[in-house]
Amino acid sequence: MKSRLMEISVGLLMLAGIAALAFLALQVSSRGFSQGKDGYGVSAYFTNVAGLTNRARVTLAGVNIGYIESIAIVPGTLKARVDMKIEKDVDYLSDDSTAVIQTSGVLGEKYVAIYPGSSDGTLEAGSEIYDTQSSMIFEDMIGKLVSNIAASD
């Protein structure tokens, strides 16, 4: 009888642990701005979006203001077009804002940070951001460092 009670309690403990991990995974993956919320679409063009994914966050001053809807190559320019959904309450971004791909945390999650400009005009639905800074690629930086060291010897 004691061993059966022990098996049941271990099983319940395992279920509680799995439920806690599932809850934690859901909390970590939440983006702050739910995809069901109203917002407006803005696009930005980057030469390199390495590591950026759909549903990645869009921030302003470190605060989540939107998410990435889609990423695609523009055939004529060979640049990546990043379509973002911005919360409708954030209607004060100037039309000369800058979009920068940045990395957060130890795992290197990529996101888009918006830096407002000084123009009086504002971004609206369908606006495009051309002033961008692409993702930094660690492997490229190491390769350049090695090349520079080898060239100086």
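Residues numbered from 1 in each chain as written. Predicted model: local features only at pLDDT ≥ 70, side-chain atom pairs only at ≥ 80, totals over all residues. Heavy atoms only, no water.

Chemist: It is not clear to me how the pattern of salt bridges should be interpreted in this structure. Could you clarify?
Modeler: Side-chain pairing between opposite charges can occur once the charged atoms of the two side chains come close. In the structure shown here, the tally under the stated rule is three salt bridges. Linking Arg-81 and Asp-83 is a salt bridge whose minimum nitrogen-to-oxygen distance equals 2.8 Å. The exposure class assigned to Arg-81 is partly exposed, which follows from its relative accessible area of 28%. The buried category is assigned to Asp-83, whose relative accessible area is 18%. (Salt bridge = Lys/Arg side-chain N within 4 Å of Asp/Glu carboxyl O. Buried < 20%, exposed > 50% of the residue type's maximum accessible area, 1.4 Å probe, protein only.)

Chemist: Quick question: what am I supposed to make of the nonpolar core here?
Modeler: In summary, soluble globular proteins display a tendency toward joint burial of nonpolar side chains. Counting residues in each nonpolar core, the largest one holds 23 residues, and the members touching the most others are Met-84, Ile-86, Leu-93, Val-112 and Ile-114. Among the elements of the structure, strand 1 (39-46), strand 2 (57-60), strand 3 (63-74), strand 4 (79-87), strand 5 (98-104) and strand 6 (109-115) are those that each provide at least two residues to this core. Dropping the residues within four chain positions of it, Met-84 is found in contact with Tyr-40, Gly-41, Val-42, Ser-43, Ala-44, Val-58, Tyr-67, Ile-68, Glu-69, Val-112, Ile-114 and Ile-129. (Core = buried A, V, L, I, M, F, W, Y, C linked by side-chain atoms within 4.5 Å. Helix = DSSP H or I, 4+ residues; strand = E, 2+ residues; numbered from the N terminus. Contact = heavy atoms within 4.5 Å.)

Chemist: Explanation requested: the sheet that holds strand 8 (residues 132-133) in the structure shown.
Modeler: In a beta sheet, neighbouring strands are held together by backbone hydrogen bonds and run either parallel or antiparallel to one another. Read across the sheet, eight strands follow the order 7-1-4-3-2-6-5-8 without closing on themselves; strand pairing throughout is mixed. The open sheet has two edge strands with one neighbour each: strand 7 (127-129) and strand 8. Two strands pair when backbone bridges link them, and strand 1 and strand 7 are joined in this way by three bridges, in the parallel orientation. Across the sheet, the residue bridging to Val-42 is Ser-127, located in strand 7. (Pairing = 2+ DSSP bridges.)

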